Amino acid sequence: MSTTDIGPKGPVGQVGGAVVDHIDHRTGAKTGLTWFLKRNIPGETSWFQTLGFAAMAVFGLQAVTGIVLAMYYKPDPASAYSSIQHITNDVTWGWLVRGMHKWGASAMIILVFLHMARVFIFGSYKYPRELTWVTGALLLVMVMFMGLTGYLLVWDQRAYWATVVAMNITASAPIVGPYIADVLRAGTNFNSETLARFYSIHMLVIPGGIATFIGLHLFLVSKLGIAEPPWSKRATRARRAEEASARAAARERQPQGRREVSVEPAPQSVTAEAGQ
Amino acid sequence: MNRAQQEAYRRDYAQAKKEGKPFFPYAIYKDHIVAILVFAGIIGMAIWQRVPVGPPVYTATSTFEPRPEWYFFFLFQMLKIFKNQNALVPVIMATFLVPNILMVLLVGTPFIDRRAERRISKRPFALSVAILVFIGMAWLTYQGETGATPTSGGAVTFTGITPGSSAAAGQTVFDTEGCTSCHMLKGAGGQVGPNLTTVGTKNLGVDWFVRHTKCPSCVTPGSQMPPFAGLTPTQLQDLGTFLNGLGTTYK
Ligand code: HEM
């Protein structure tokens, strides 16, 4: 922010500025970032419009805590359970990282559902933001799959049998069900490969998909601009003006003699605003 | 929305933007406040409610229930509603038709509701759908949370089983193979599958139980019970004897 220019820049400032210019000249990074941050959004935004960002922030938290857990976790049936015990009981702050990852998962699910509810209530999925909604719906499915695949990794009784049942349910879907279940289980039965498969899906496949789709989602949100709450003061004012000018136009179309005398003549400025 | 309404929306939005404020710092500060509160909540919960480690897989205990994470309760519970009819059509309904219809409705929402109106007070149908979905999911989640809590009990004993008999060996197999995690015997065990306390009264025969345990879906199409193909013939025979007598010889 170079609002006030006070004298020549020091050598550090000069080098720094040159580096930034060099990079910007070739990538457009600075220009793009300035556009992203400085672009205008409607004046009245609601606190409910922060939920998507919060979900994204928790995704970042899950990635960081997940990486730390992966440093200690062993994805094979013989040692998975004891490695979780090791993380929980021995590793410094291990219980905290595991707890944050577990509670973070629940928080993310709640935030994503709340975010979706706000988008629905605000009618923000309507033109031109339909594809933003579609990418969001796919994100919801992927987030749910994260929960499913992550649950098994603890390899305790509860998680194990719950996942066995979930896979059997998958397998009972017609036509493709058995194939999907076989791919997920790495065979027709739960076996020792299953854990490694869930591990790689949970660690690589879905996070990659989520990151990609968050990128698309955010691109669409910033390109189309965040929707204005439909009951905001400005929108209400514009809607009133629109209705007034529609009424005025309807009156114009009436034959001269039958025109009602308008009580409050539509103000000039409002008609101009609505008509531009 | 027709072409004119779309153009009107674009014009209106351009105006809103013109009269608006820059994203940085006016919106992003709100985003960060909420995100920091959420982080604080997560860390607080992690400290306050330590995440435990359950018993390892394949321990003979009936004090747990195989249940998914709470955010899957509504799906499992929905499945149970269809599933309890125990016929092939409801199974397909629950695992194929219903989820796929829901998915199509979810993804397709912007293409189904194309009206220009955005104020929720002027969208009574959308509001009713939102309220119904919310109540439905909350109710199903609550049902899943409270409906099937495992009831722990001491070792379940049946009269008529003599130590060392085939049935006694069968009961041991039942306890050690994890059957208890899904099935109740005399009020102890999980509730994923049916209560088996009196399953013998169905007069299915030992052989039926042997075949069923090896491959449940071969005997009951669409069964969600996992196959136990790894058991030895003797174990299967013992188990079958035990199950076939439940409620008749062994009470
Ligand atoms: C991993 C999950 C998700 C993340 C990280 C995410 C992130 C975001 C962010 C940061 C925004 C900006 C505005 C705001 O915060 O409200 C946004 C907007 C939006 N999201 Fe999501 N979202 C997710 C899931 C979803 C889901 C499940 C849906 C609906 C099915 C959805 C539909 C939309 C739509 C339509 C907008 C545009 C709203 C507007 O412009 O006012 N998103 N999302």
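Located above this text is the structure these notes cover.
Residues numbered from 1 in each chain as written. Chains lettered and ligands numbered in written order. Predicted model: local features only at pLDDT ≥ 70, side-chain atom pairs only at ≥ 80, totals over all residues. Heavy atoms only, no water.

A.B. asks: Whenever I open this one, the pattern of salt bridges confuses me. Can you help?
C.D. replies: Side chains carrying opposite charge are able to pair once their charged atoms draw close together. Scanning the model with the defined rule gives 8 salt bridges over all chains in all. With a shortest N-O distance of 3.1 Å, Arg234(A) and Asp12(B) are connected by a salt bridge. In this pair, Arg234(A) is assigned in helix H10 (residues 233-253) and Asp12(B) in helix H1 (residues 3-18), connecting two distinct chains. For Asp12(B), a relative accessible area of 26% gives the class partly exposed. Ionic pairing is found between Arg211(B) and Asp207(B), a salt bridge with its closest N-O pair at 3.4 Å. One end of the pair is Arg211(B) and the other is Asp207(B), both in helix H8 (residues 206-214) and 4 residues apart, which spans about a single turn. Note on Arg211(B): relative accessible area 41%, which makes it partly exposed. Residue Asp207(B) is classed as partly exposed on the basis of its relative accessible area of 48%. Connected through salt bridges with shared partners, the residues Glu228(A), Arg234(A) and Asp12(B) form a single ionic network. (Salt bridge = Lys/Arg side-chain N within 4 Å of Asp/Glu carboxyl O. Helix = DSSP H or I, 4+ residues; strand = E, 2+ residues; numbered from the N terminus. Buried < 20%, exposed > 50% of the residue type's maximum accessible area, 1.4 Å probe, protein only.)

A.B. asks: Help me understand the site of the ligand in this model?
C.D. replies: Residues and elements named next belong to chain A. Taken together, 26 residues surround the ligand, and among them Gln49, His115, Arg118, Gly136 and His217 come closest. The separation between a nitrogen atom of the ligand and a polar side-chain atom of histidine 115 is 2.8 Å. For the ligand, an oxygen atom lies 3.1 Å from a polar atom in the backbone of alanine 227. Of all the secondary-structure elements, those providing two or more residues to the shell around the ligand are helix H3 (51-70), helix H5 (94-121), helix H6 (130-152) and helix H9 (192-224). Ranked by the residues each element gives to the shell around the ligand, the list is headed by H6, at 7 residues. Of the residues that constitute the shell around the ligand, the class distribution is 16 nonpolar, 8 polar and 2 charged. (Near = heavy atom within 4 Å. Polar contact = N/O pair within 3.5 Å; in protein donor to acceptor, adjacent residues only side chain to side chain. Nonpolar A, V, L, I, M, F, W, Y, C, P; charged D, E, K, R; others polar.)

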